[in-house]
Amino acid sequence: MSGSSAPGSGTHGSSCAPASLELSPQTPPRVPAGAAPAEPASTGATAPTPRTCLPRRCVPRPPVPSLDALVDHPSLAPRGLIARGRALGLAVGATTLAGAATFAWGQAERHFPVVRHIDVPVQSSPGMRGISVLQISDLHLYPGQEFLVDFLGRVARTEKVDMVVSTGDNLGSADGLDLVRAAYEPFLHLPGAFVLGSNDYYSPRFKSWSSYLRRDPRLADDTFVLRRGLDGDQQHTDLTGAGPEGGALVDTHTSAATDGDSHLRPDLPWHEMVSDFTAAGWVDLSNRAATVEVAVEGPDGSSAQQPVSLIGVDDPHLDRDRIPDPDPSWQDPRSLRFAVAHAPYVRVLDGFAREEPDLVLAGHTHGGQLGLPFYGALVTNCDLPRRYAKGLHTWYSGRLSTQLHVSAGLGTSPFVPLRIATRPEVSVLHLRPVD
Ligand SMILES: [Fe+2]
């Protein structure tokens with residue numbers, strides 16, 4: 001049954017119509033032509049103002065167009081705006097996917113270390129024999145990196161080497177010492193030599209990932225001047241030598257390394273690690289020279305001792321490098337001559353070149369760690385030009401030259417556990433005398 005409502009009653013369902021009717025009294029009366037407009041009749045009381053408000057819910061709203069409708073109707077929204085929005089969304093999505101894929105690849109690549117065999121010709125002399133040298137660098141061991149220890153175990157079982165050279169950055173945290181000991185244990189029966197890197201002294205600190213894409217900012221104002229020889233309290237050798245004060249020498253070194261800045265005091269168990277190495281007969285080349293006799297087997301099956309004369313420096317990345325005077329064996333024509341540093345700063349390489357070694361060994365760069373396929377390292381974390389970031393090269397210093405091998409190393413900082421286009425590696429360098 002349809003109920004009829006009285007006009008103006010504003011009943012449910014038809015409130016809009018009565019409201020519109022209430023507006024009609026406001027319509028001015030029609031005035032005949034030429035007649036004065038009539039004054040409003042005074043009633044002696046203020047006439048109530050007609051209600052003109054409309055219920056808000058009754059105001060018709062334009063339909064909200066869908067995104068597709070906006071695209072299909074340029075009059076509603078600029079087509080270019082919509083297209084740019086979609087393009088931006090696609091770009092953000094693609095970038096996010098690419099970033100996630102790159103991160104996943106970098107995580108995977110660091111778990112696949114390789115052994116690189118490198119032929120290193122050296123000038124022959126009577127009685128000189130070739131040797132194979134295993135270079136281990138930049139392990140950065142901390143709990144969770146056991147796969148690198150396992151890898152080195154396989155290397156020890158499968159590779160025939162005559163000598164080991166460690167180019168530093170073995171520790172990745174204060175609780176990484178046991179892993180370092182396990183990693184090197186299979187090689188300690190061989191002749192060995194080592195230098196230390198900054199990450200043997202100091203725990204790694206978080207630094208922006210962009211630092212892996214920028215050059216070392218310290219280069220521009222590096223005022224270091226090469227010096228030969230040392231003051232006694234600056235030699236890293238004081239740390240491990242049996243000085244009359246024993247541990248007091250360690251404190252001397254520590255204060256020297258930190259320039260008295262106590263909050264930068266080395267916090268990693270480097271001293272225990274060095275003690276293990278030296279107890280095995282390995283020579284500490286931190287601002288020192290040494291000679292190692294390497295037992296080699298000739299092609300006729302006879303055995304002989306091949307002298308290897310070495311010089312090395314403490315970490316140039318900490319400005320701890322002082323090139324020592326070589327041993328007399330350096331002048332022996334039969335000797336192979338190696339110069340060893342952790343970080344291959346140009347000043348150090350130029351200083352080594354003056355001594356005319358057969359080979360310079362260094363690490364530190366991680367081969368760039370974050371590289372680009374077919375392009376290589378973006379940075380070297382020192383002033384070494386990018387093209388020398390890893391591998392064997394000839395290093396020219398004026399009219400002098402020497403062979404330089406930079407290892408890409410095995411590990412990563414725990415804060416940037418990625419390697420991209422830079423496989424972790426150990427190197428087996430085959431020193432081969434040639435006429
Ligand atoms: Fe390193």
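All values reported here derive from a predicted model rather than from experimental measurement. (Residues numbered from 1 in each chain as written. Predicted model: local features only at pLDDT ≥ 70, side-chain atom pairs only at ≥ 80, totals over all residues.)

> Requested: an account of the overall build of the protein chain, with residues and values cited.
Looking only at helices and strands, the protein chain has 10 helices and 14 strands in total. For the protein chain, with 435 residues in total, the buried portion stands at 34%. When contacts within the protein chain are restricted to residue pairs at least 6 apart in sequence, long-range pairs at least 24 apart make up 73% of them. (Helix = DSSP H or I, 4+ residues; strand = E, 2+ residues; numbered from the N terminus. Buried ≥ 20, exposed ≤ 12 C-beta atoms within 10 Å, placed from the backbone. Contact = placed C-beta atoms within 7 Å.)

> Outline the confidence of the model for the protein chain, listing residues and values.
Here the protein chain shows a mean pLDDT of 79. Residues at 70 or above account for 69%. Predicted confidence is poor over residues 1-27, with pLDDT under 50, and the contacts of this stretch with residues over four places away or in other chains come to 21 contacts. (pLDDT = per-residue confidence, 0-100.)

> Describe the pairing of strand β2 (residues 131-136), naming the residues involved and giving the relevant values.
Counted residue by residue, β2 has five buried out of six residues, so it is predominantly covered. Bridge count between β2 and strand β14 (residues 425-434): five bridges; the pairing is antiparallel. The residue of β14 that forms the bridge with V133 is L429. With four bridges joining them, β2 and strand β3 (residues 163-166) adopt parallel strand pairing. Bridged to L134 within β3 is V164. At this point the chain moves from β2, through helix α4 (residues 146-158), to the parallel β3, and the crossover so formed is right-handed. (Pairing = 2+ DSSP bridges. Right-handed = clockwise from strand over helix to strand, strands pointing away.)

> Please set out the environment of F338 residue by residue, giving values where relevant.
Tracing the backbone shows F338 in strand β8 (residues 336-340). Between the alpha carbons of F338 and G312 there is a distance of 8.4 Å; along the sequence they are 26 residues apart. Leave out the neighbours within four places in its chain, and F338 touches V308, L310, P357, D358, L359 and L361.

> Lay out the sheet that holds strand β1 (residues 114-123) with the relevant residues and their values.
With respect to topology, six strands assemble into an open sheet ordered β1-β14-β2-β3-β4-β5, the strand pairing being mixed. A strand with exactly one partner marks an edge of an open sheet, and here the two such strands are β1 and β5 (283-284). With two bridges joining them, strand β4 (residues 192-194) and β5 adopt parallel strand pairing. Residue A193 lies in a different strand from β5, and its bridge partner there is V283.

> Break down the sheet that holds strand β7 (residues 303-312) for me, with residues and values.
On the basis of which strands lie adjacent, the open sheet formed by six strands has the order β6-β7-β8-β9-β13-β12 and mixed pairing. Since the sheet does not close on itself, it has two edges, and those belong to β6 (289-297) and β12 (391-397), each with one partner. Recorded for the sheet is a direction-independent mean angle of 30° between the axes of neighbouring strands. Sheet topology note: the β6/β7 ladder contains nine bridges and is antiparallel. Bridging from a neighbouring strand, V294 pairs with Q306 of β7. Its contacts with the sheet put helix α10 (residues 346-355) on β7, β8, β9 (359-362), β12 and β13 (400-406), and the angle it makes with β13 is roughly 125°. (Axes fitted to C-alpha atoms, helices over the stretch in contact; angles between N-to-C directions.)

> A description of unusual backbone geometry should follow, citing residues and the corresponding values.
Unlike most non-glycine residues, D138 shows phi in positive territory, near 55°. With respect to the helices, strands and loops of the structure, D138 is situated in the loop between β2 and α4. Judged by C-beta crowding, with 28 C-beta atoms within 10 Å, D138 ranks as buried. Look at E356: it is not a glycine, yet its phi comes out positive at around 55°. When you line up the elements, E356 lands in the loop between α10 and β9. Its 12 C-beta neighbours within 10 Å are what place E356 among the exposed residues.

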